[in-house]
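# Topology and contacts: notes
Now for the letters of each chain:
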Amino acid sequence: MNRRQRGLLAEIEQEALDESKPLSSVLRKCVVLGGHSSSAELREWATRELRGYDGVATDALPGYRRIPAPIQVNALLGPNSVRGQRISPSELPEFARDEVREEVALRNGISEVEALALRCETSGEHAHLSIPGGLELTRLMDAASGNSFQRITDIYWSVSPAALRGLADQVRTTVVELVAELRAAMPDDQQIPTPDQMEHALHVVVHGDRARVNVTAAQTSGSGSSSVGQEAADEGPFWSHGRRIGAAVVGLATLIGTGAALWPLLGK
């Protein structure tokens, strides 16, 4: 067995290719690899995937963490009930239409995402993720309907098991691609990538900058590192941009970052 087949990078490669292995184990080893290679950026990305993206602005999330999800409601119409009725953002109160879209930002740690995907796959049902300010939105929608017999009981995003599994698969594929880029840049007798090799691999895989020139061992030296962690933008919740709909409303990052955002699986 040569040196390329041993060591931390080899372990990451083997676990990332084994779909029976949880992603949390792979990502923890990526954090360690980021330490050995002096890569703050790898540590930042892997830690975010493990712990979640609380406090990160929606437009700063990785694209694979913003997934399509229709808006649905459950309602009572007199003696009748409606479940899983899809509505358009245009049917929401005007001040919320540009903020509540048919897309949900999943900030949960990867273990939660994988567990929810498995639960949905086992039950054959979709996950229902609550929309921030949902209680106030439903009250306003009921009042605007003019129908005294209408009462919307729940409003939520409906997320398919395939979308959840696809998110997890994107993370696994990112790790595999990262290893492949590092393997291409590292000689057979090298086990730990240099900071420049790691920076190049991350730019290619995470940022999609495939125009960069390959970095080889002969071109690198030193142990410098760079951090590109992004802070959340100073963006207020949508209910503060126009009319305030209730001081007790909880922000989206808190709702989805904790179990409070997960309605019982109601199916579709």
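Residues numbered from 1 in each chain as written. Predicted model: local features only at pLDDT ≥ 70, side-chain atom pairs only at ≥ 80, totals over all residues. Heavy atoms only, no water.

### Some words on unusual backbone geometry
Negative phi values dominate among residues other than glycine, just as trans dominates among peptide bonds. Residues other than glycine seldom take positive phi values, yet Ser38 does so here, at roughly 55°. Within the element layout of this structure, Ser38 appears in the loop between α2 (23–36) and α3 (40–51). Owing to a relative accessible area of 23%, Ser38 belongs among the partly exposed residues under this scheme. (Helix = DSSP H or I, 4+ residues; strand = E, 2+ residues; numbered from the N terminus. Buried < 20%, exposed > 50% of the residue type's maximum accessible area, 1.4 Å probe, protein only.)

### Quick look at the nonpolar core
Formed by 58 residues in total, the largest nonpolar core has its most connected members in Trp45 and Val159. Top contributing element to this core by residue count: helix α6 (residues 161–185), with nine residues. Setting aside chain neighbours within four positions, we find Trp45 in contact with Leu27, Tyr53, Tyr64, Val171, Thr174 and Val175. (Core = buried A, V, L, I, M, F, W, Y, C linked by side-chain atoms within 4.5 Å. Contact = heavy atoms within 4.5 Å.)

### Some thoughts on the side chain of Thr138
Mapped onto the elements of the fold, Thr138 is located in helix α5 (residues 134–145). Residue Thr138 is classed as buried on the basis of its relative accessible area of 5%. Within the structure, the side chain of Thr138 is placed 2.8 Å from the backbone oxygen of Leu135, a separation counted as a polar contact. When near neighbours in sequence (up to four residues on either side) are disregarded, Thr138 contacts Ile152 and Ile155. (Polar contact = N/O pair within 3.5 Å; in protein donor to acceptor, adjacent residues only side chain to side chain.)

### With respect to the confidence of the model for the protein
For the protein, mean pLDDT is 79; residues scoring 70 or higher make up 75% of the total. Counting interchain partners and residues more than four positions distant, the pLDDT-below-50 stretch residues 210–268 has 127 contacts. (pLDDT = per-residue confidence, 0-100.)

### Comments concerning the side chain of Gln190
Tracing the chain through its elements places Gln190 in the loop between α6 and α7 (195–205). Accessibility expressed as a relative area gives 13% for Gln190, which makes it buried. Among the polar contacts made by the side chain of Gln190, one reaches the side chain of Gln197 at a distance of 2.9 Å.

### Observations regarding α5
End to end, α5 covers 16 Å across twelve residues, agreeing with the expected 16 Å (1.5 Å per residue, within 8%). Looking at α5, one finds that the buried residues are Gly134, Glu136, Leu137, Thr138, Met141 and Asp142. Turning to α5, the residues buried within the fold contact β3 (80–87) and β6 (150–159). Looking one or two residues beyond α5, the residue adopting positive phi is Gly146, at roughly 75°. (Expected span 1.5 Å × (residues − 1).)

### Considerations on the environment of Val176
Tracing the sequence through the fold places Val176 in helix α6. For the pair formed by Val176 and Ala16, sequence separation is 160 residues and the distance between their alpha carbons is 6.2 Å. Setting aside anything within four residues of it in sequence, one finds Val176 in contact with Ala16 and Leu17.

### Concerning the packing of helix α1 (residues 8–17) against α6
The contact between α1 and α6 brings their axes to 9 Å, and the two run at 145°. In this structure, the crossing between α1 and α6 has a hand that is left-handed. Seen from α1, the contacting residues are Leu9, Ala10, Ile12, Glu13, Glu15, Ala16 and Leu17; seen from α6, they are Arg172, Val175, Val176, Val179, Leu182 and Arg183. Its residues placed into classes, the contact of α1 with α6 shows nine nonpolar, no polar and four charged. (Axes fitted to C-alpha atoms, helices over the stretch in contact; angles between N-to-C directions. Left-handed = near helix turned anticlockwise from the far one by under 90°. Nonpolar A, V, L, I, M, F, W, Y, C, P; charged D, E, K, R; others polar.)

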